[in-house]
Amino acid sequence: MIAVFKRDFRSLFTNVVGWLFVGINLAVYGLYFFAYNISRGIPSTANTIYGVTFLLLITVPILTMRALSEERKNHVDQLLLTSPLSVGKMVVGKFLALASCFTLVVLAMGISPLFLRLFGKVALKESYTALLGYWLYGLSCIAIGVFMSSLTESQMIAAILAIAVLFLGYMMTAITSLFNNKILSQVLNIYDLNTPFQNFESGIIDISSTVYYLSVIVVALFLTMQVIQKRRWTISSKHLTTGAF
């Protein structure tokens, strides 16, 4: 798992993807931070952080689209599928590499509330609670993006699928408000990624919201493992069939 983590994390910054992800997120956050906090003198970055969550719908699919689809396209994944490394360790290693790249962005964003202290009092608790929610939200998006990348060998299709699925989770509250069926709305709201973050934005570390995001991560990674495990079994079956003949 450590070897997979090191290889994937290093590959993010040996090409433009990792730098592009970090640069775009920090640049847009910097613009929001200047507009909300510096220009208007708002002492909390919670609204600023909430304002840039929409950007994850675009940048996360770009970050995760290569996670598994490129290796599948180039047939490099067969080396991993036939190796003694377990599927779980391989998926977790890839997820941790992507999560570490996103964590660098979150850590850089965490400097902004401290910068505001140079000008007066700052709502540090509210700001860092919102940043915690943003981190959990982003990790959930990354896990979903990894799952989408495992479904196809095309990076473009993986990115489009991830954007569509993440946008659906972002807009689920607005979508369910169109239905009159309460039961249907409750079922669909299970995949509501945006509402749990609003609790963190208000400065409340909500246990249920934290458990929800962790559950999304676990379920997405579990489904990814099942997709890869199915392919590993298929490859093993082909080798067994060839050997029998």
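Given the structure is predicted, the values throughout are model-derived calculations rather than measurements.

Calculation rules
- Residues numbered from 1 in each chain as written.
- Predicted model: local features only at pLDDT ≥ 70, side-chain atom pairs only at ≥ 80, totals over all residues.
- Heavy atoms only, no water.
- Helix = DSSP H or I, 4+ residues; strand = E, 2+ residues; numbered from the N terminus.
- Buried < 20%, exposed > 50% of the residue type's maximum accessible area, 1.4 Å probe, protein only.
- Contact = heavy atoms within 4.5 Å.
- Areas by Shrake-Rupley, 256 points an atom, 1.4 Å probe, with all protein chains shown as cover.
- 1 Å grid on protein atoms, 1.4 Å probe; cavity = no way out; pocket = protein on both sides within 12 Å on 5 of 7 lines; lining within 4 Å.
- Points joined across faces, edges and corners; volume = space filled by probe spheres on them.
- Nonpolar A, V, L, I, M, F, W, Y, C, P; charged D, E, K, R; others polar.
- pLDDT = per-residue confidence, 0-100.
- Polar contact = N/O pair within 3.5 Å; in protein donor to acceptor, adjacent residues only side chain to side chain.
- Patch = residues over 30% accessible without salt bridge, like charges linked within 9 Å, V, L, I, M, F, W, Y side chains within 5 Å.
- Salt bridge = Lys/Arg side-chain N within 4 Å of Asp/Glu carboxyl O.

Draft legend 1. Main features of the overall build of the protein. Assigned secondary structure in the protein consists of 14 helices and zero strands. Counted from the first residue to the last, the protein has its helices and strands arranged as α-α-α-α-α-α-α-α-α-α-α-α-α-α. Burial statistics for the protein: of 245 residues in total, 44% are counted as buried. Looking at the protein alone, contacts between residues at least 24 apart form 76% of all its contacts between residues at least 6 apart. By element, 71% of the accessible surface of the protein is carried by carbon and sulfur atoms, the whole surface being about 12700 Å².

Draft legend 2. Just the layout of surface pockets, in detail. Of the pockets and cavities examined, the second largest pocket occupies roughly 200 Å³. As for the second largest pocket, its lining consists of Ile144, Phe147, Val165, Ile190, Tyr191, Tyr212, Val216, Val219, Ala220 and Leu223. Elements with a minimum of two residues in the lining of the second largest pocket: α9 (124–149) and α14 (207–244). The dominant element in the lining of the second largest pocket, judged by the number of residues it contributes, is α14, at five residues. Class assignment for the residues of the lining of the second largest pocket results in 10 nonpolar, no polar and no charged.

Draft legend 3. Spatial organisation of the confidence of the model for the protein. Per-chain confidence: the protein averages 87 in pLDDT, with 89% of residues scoring 70 or above. Confidence, expressed as mean pLDDT per element, reaches its minimum in the protein at helix α6 (residues 77–81) with 59 and its maximum at α9 with 95. Below a pLDDT of 50 lies the segment residues 239–245, which in the model reaches zero contacts outside its immediate sequence neighbourhood of four places, other chains included.

Draft legend 4. Spatial organisation of the environment of Val87. Note on placement: Val87 falls in helix α7 (residues 87–109). Considering only alpha carbons, one finds Val87 and Ile228, 141 residues apart in sequence, at a separation of 7.0 Å.

Draft legend 5. Examining the environment of Ala108 more closely. Here Ala108 is to be found in helix α7. Taking the C-alpha atoms as reference points, Ala108 and Val22, separated by 86 residues in sequence, lie 9.6 Å from one another.

Draft legend 6. Highlighting the side chain of Asn37. Residue placement: Asn37 occurs in helix α2 (residues 16–38). We classify Asn37 as buried; its relative accessible area is 3%. A distance of 2.9 Å separates the side chain of Asn37 from the backbone oxygen of Ile42, its partner in a polar contact. Every residue in contact with Asn37, bar those within four places of it in the chain, is listed here: Tyr32, Ile42, Ser44, Thr45, Thr48 and Leu116.

Draft legend 7. Representation of a nonpolar patch on the surface within the structure. Where nonpolar side chains cluster on the molecular surface, the patch consists of Phe34, Ile38, Phe115, Leu118 and Phe119 and spans about 560 Å² of accessible area. Relative to the helices and strands, Leu118 resides in the loop between α8 (111–116) and α9. On the basis of relative accessible area, Leu118 is assigned to the exposed category, the value being 66%.

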